[in-house]
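Results of the structural survey
So you can see what is in the structure, the chains are spelled out below.
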Amino acid sequence: MNDGALYIRATGTWLPPAERVADAVADGRCEAAVARSTRMESVTVSAGEPAPEMAARAARTALERAAAEPGDIDLVLHASFYYQGFDLWAPASYVQRAAVGNQCPAMEIRQVSNGGMAALDLAWAYLAADPARVAALLTTGDRFCPPGFDRWRSDPGTVYGDGGTALVVSRHSGFARVRSIATVSAPDLEGMHRGDDPFGPAPFSHRDVVDLDAHKRDFLARHGVAPTVARVAAAQEAVVKQALADAGLGLADIDRFVLPHLGHRRLHVAYFAKFGIDPARSTWSWSRTIGHLGAGDPFAGLDHLATAGELGPGDTCLLFGVGAGFSWSCAVVEILDAPSWRDR
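Residues numbered from 1 in each chain as written. Predicted model: local features only at pLDDT ≥ 70, side-chain atom pairs only at ≥ 80, totals over all residues. Heavy atoms only, no water.

Re the overall build of the chain
The condition is simple: Helix numbering and strand numbering both begin at the N terminus, where a helix is a DSSP run of H or I of at least 4 residues and a strand a DSSP run of E of at least 2. Between the two quantities, the radius of gyration covers C-alpha atoms and the globule rule is 2.2 Å times the number of residues to the power 0.38. Per-residue accessibility, obtained with a 1.4 Å probe over protein chains only, is compared with the maximum for each type, and a residue is labelled buried under 20%, exposed over 50%, and partly exposed between these values. Contacts between residues were defined by any pair of non-hydrogen atoms, one from each residue, lying within 4.5 Å. Per-residue and other accessible areas were derived by the Shrake-Rupley procedure at a 1.4 Å probe size, with only the shown protein chains allowed to occlude residues. When charges are counted, Lys and Arg contribute as positive and Asp and Glu as negative, whereas His and the chain ends are disregarded. Throughout, a charge is located at the NZ atom of Lys, the CZ atom of Arg, the CG atom of Asp or the CD atom of Glu.
For the chain, the count of helices and strands is 10 helices and 11 strands. Taking 344 residues into account, the globule formula puts the C-alpha radius of gyration at 20 Å, and the chain, at 19 Å, falls close to it. In terms of overall dimensions, the chain has C-alpha extents of about 50 × 45 × 40 Å along its principal axes. Counting every position in the chain, which comprises 344 residues, the buried fraction comes to 53%. In the chain, the share of contacts with a sequence separation of at least 24, taken over all contacts with a separation of at least 6, comes to 79%. Taken as a whole, the chain presents about 14,100 Å² of accessible surface, with 52% of it coming from carbon and sulfur. Separation of charge centres in the chain, based on 32 positive and 40 negative side chains, amounts to 3 Å.

Some thoughts on the side chain of Ser 113
Note the threshold: Whenever two N or O atoms come within 3.5 Å, that pair is a polar contact, provided that in protein one can donate a hydrogen and the other can accept it, and provided that, for residues adjacent in sequence, both atoms are side-chain atoms.
Topologically, Ser 113 is positioned in the loop between strand S5 (106-109) and helix H5 (115-128). Exposure remark for Ser 113: the relative accessible area of 12% places this residue in the buried category. Polar contacts involving the side chain of Ser 113 include one to the side chain of His 292, which spans 2.8 Å. Setting aside chain neighbours within four positions, we find Ser 113 in contact with Phe 81, His 292, Gly 294, Ala 295, Val 322 and Gly 323.

So, the domain arrangement of the chain
Here is the rule: The domain limits used here are those given by an automatic or database domain assignment. The quantity reported as buried area is the accessible area (1.4 Å probe) lost by two parts once they are put together, taken as the sum for both. We define a salt bridge as a side-chain nitrogen of Lys or Arg found within 4 Å of a carboxyl oxygen belonging to Asp or Glu. Each residue is assigned to one of three groups, with Ala, Val, Leu, Ile, Met, Phe, Trp, Tyr, Cys and Pro labelled nonpolar, Asp, Glu, Lys and Arg labelled charged, and all others, Gly among them, labelled polar.
Along its sequence, the chain is carved into domain 1 (6-174) and domain 2 (179-335). Between the C-alpha centres of domain 1 and domain 2 the distance comes to 16 Å. Summed over both partners, the interface of domain 1 with domain 2 comes to about 3,700 Å²; 60% of that surface belongs to carbon and sulfur atoms. One can count 3 salt bridges joining domain 1 with domain 2. Glu 41 is the salt-bridge partner of Arg 288, the closest N and O atoms lying 3.0 Å from each other. At the junction of domain 1 and domain 2, the tally comes to 27 residue pairs in polar contact (both at pLDDT 80 or more). By residue number, the principal contributor to the side of domain 1 that touches domain 2 is H5, which donates 7 residues. Residues of the side of domain 1 that touches domain 2, tallied by class, amount to 22 nonpolar, 21 polar and 8 charged.

Some thoughts on the pairing of strand S1 (residues 7-14)
The line we're drawing: DSSP-based pairing: two strands are paired if at least 2 bridges between them are found.
Within S1, 6 of the 8 residues are buried, which leaves it mostly tucked inside the rest of the structure. Looking at chain direction, S1 and strand S7 (residues 163-170) are connected through 7 bridges and run antiparallel. Counted as the bridge partner of Ile 8 is Val 169 from S7. In terms of strand pairing, S1 meets strand S8 (residues 176-185) through 2 bridges, oriented antiparallel. Bridged to Ile 8 within S8 is Ala 176.

A short note on helix H3 (residues 51-66)
Applicable threshold: To estimate how far a helix should reach, multiply one less than its number of residues by 1.5 Å.
Look at H3: 23 Å from first C-alpha to last across 16 residues, which is about the 22 Å you get at 1.5 Å a residue. For H3, the complete set of buried residues consists of Ala 51, Pro 52, Glu 53, Met 54, Ala 55, Ala 56, Ala 58, Ala 59, Ala 62, Leu 63 and Ala 66. Where H3 is buried, its residues contact S1, strand S4 (73-79), helix H4 (91-100), strand S6 (135-142) and S7. A positive phi of about 55 degrees marks Ala 67, the residue just after H3.

Structural notes on unusual backbone geometry
The amide bond that connects Pro 146 to the next residue, Pro 147, takes the cis arrangement and shows omega of 10 degrees. By secondary structure assignment, the location of Pro 147 is in the loop between S6 and S7. A cis amide bond, omega -10 degrees, links Gly 325 with the succeeding residue Phe 326. Here Phe 326 is to be found in the loop between strand S10 (316-323) and strand S11 (327-335). Although it is not a glycine, Leu 88 sits at a positive phi angle of roughly 50 degrees. Inspection of the secondary structure puts Leu 88 in the loop between S4 and H4. In this structure Leu 88 comes out as exposed when scored by relative accessible area, which is 92%.

Regarding the packing of helix H7 (residues 225-247) against helix H8 (residues 264-275)
Stated precisely, the cut-off is as follows: Interaxial angles span 0 to 180 degrees and are taken between N-to-C directions of axes, which are lines fitted to C-alpha atoms, for helices over the stretch in contact. These descriptions rest on fixed angle ranges, namely under 35 degrees for roughly parallel, over 145 for roughly antiparallel, 65 to 115 for roughly perpendicular, and the rest for oblique. Throughout, a crossing is termed right-handed when the near helix is turned clockwise from the far one, and left-handed when it is turned anticlockwise from it by less than a right angle.
Here H7 crosses H8 at 55 degrees, and the two axes come no closer than 12 Å. Put simply, H7 runs oblique to H8. When you trace H7 past H8, the crossing you get is right-handed. Listed contacts from H8 to Ala 233, Gln 236, Glu 237 and Val 240 of H7 are Ala 270, Tyr 271, Lys 274 and Phe 275. Here the contact of H7 with H8 is built from residues that sort into 5 nonpolar, 1 polar and 2 charged.

Now the structure itself:
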């Protein structure tokens, strides 16, 4: 548990237009069975906007909402899942240049889908370590595009969307307070996204297109389904229990649930049924129109609830993150005031 208070001053999201899943099924890009099991309606698809630029656009929105000047930001953390547009390049520095314009430390977080939540955890610790540090900008950005990634088939059960997200967090004030954040790691499961493939000398050395399902099949054949499911369940339960305990709350005290943008079948098994979460109190009805934003689901979900006016003072939100590795993060966020930028 991190020391000291941490507040969310502002959120921001930049999303390209959405494409209907029904259209992808009709033209053969998406299997009808995937559409049925995921129950997704649409996904956001970049027309060419690169991942770091979408992150920078979200960052500019969040910084404007926070009324934050360049000198107010003491740390920039950028999280990503997929290719950022160049090799041997620092996308966090691009976001810093394009959105902030200062010279504080800027670092990239590479923890796939849990990168955004990992950034939140690390930013809290960084700000708490020095009383002179006040605020941090956290961003995510991804574009899941050919030739290396097939948003409809690379990870059956989850359909991927493009976009950028951002948070401005501060030790001093904000519309919401982060009451706790917990992270649990299970490195014995890292092979689930590696399978039996050998290490390659360069990206896409063994496969032309990312195939996470093939890696998972290899892993489960070697380690067994039941032990793997049990390991995942134990870690997920542990992180939720820790975050709630650190916040002094129980699951029944949570008003809204910001869940990963997974397909319905995966959400039902991992969250709705497991924790007794009413889908109507989650971000599912919105996330099924967006798709999985890689590291950005928690930030985007919180931004959606805040801007849509669905959160009021005293409400509590539970933000979930999970990424290959495996790692799970969970944060309890308490709303202090209705943000001034919310839809009216």
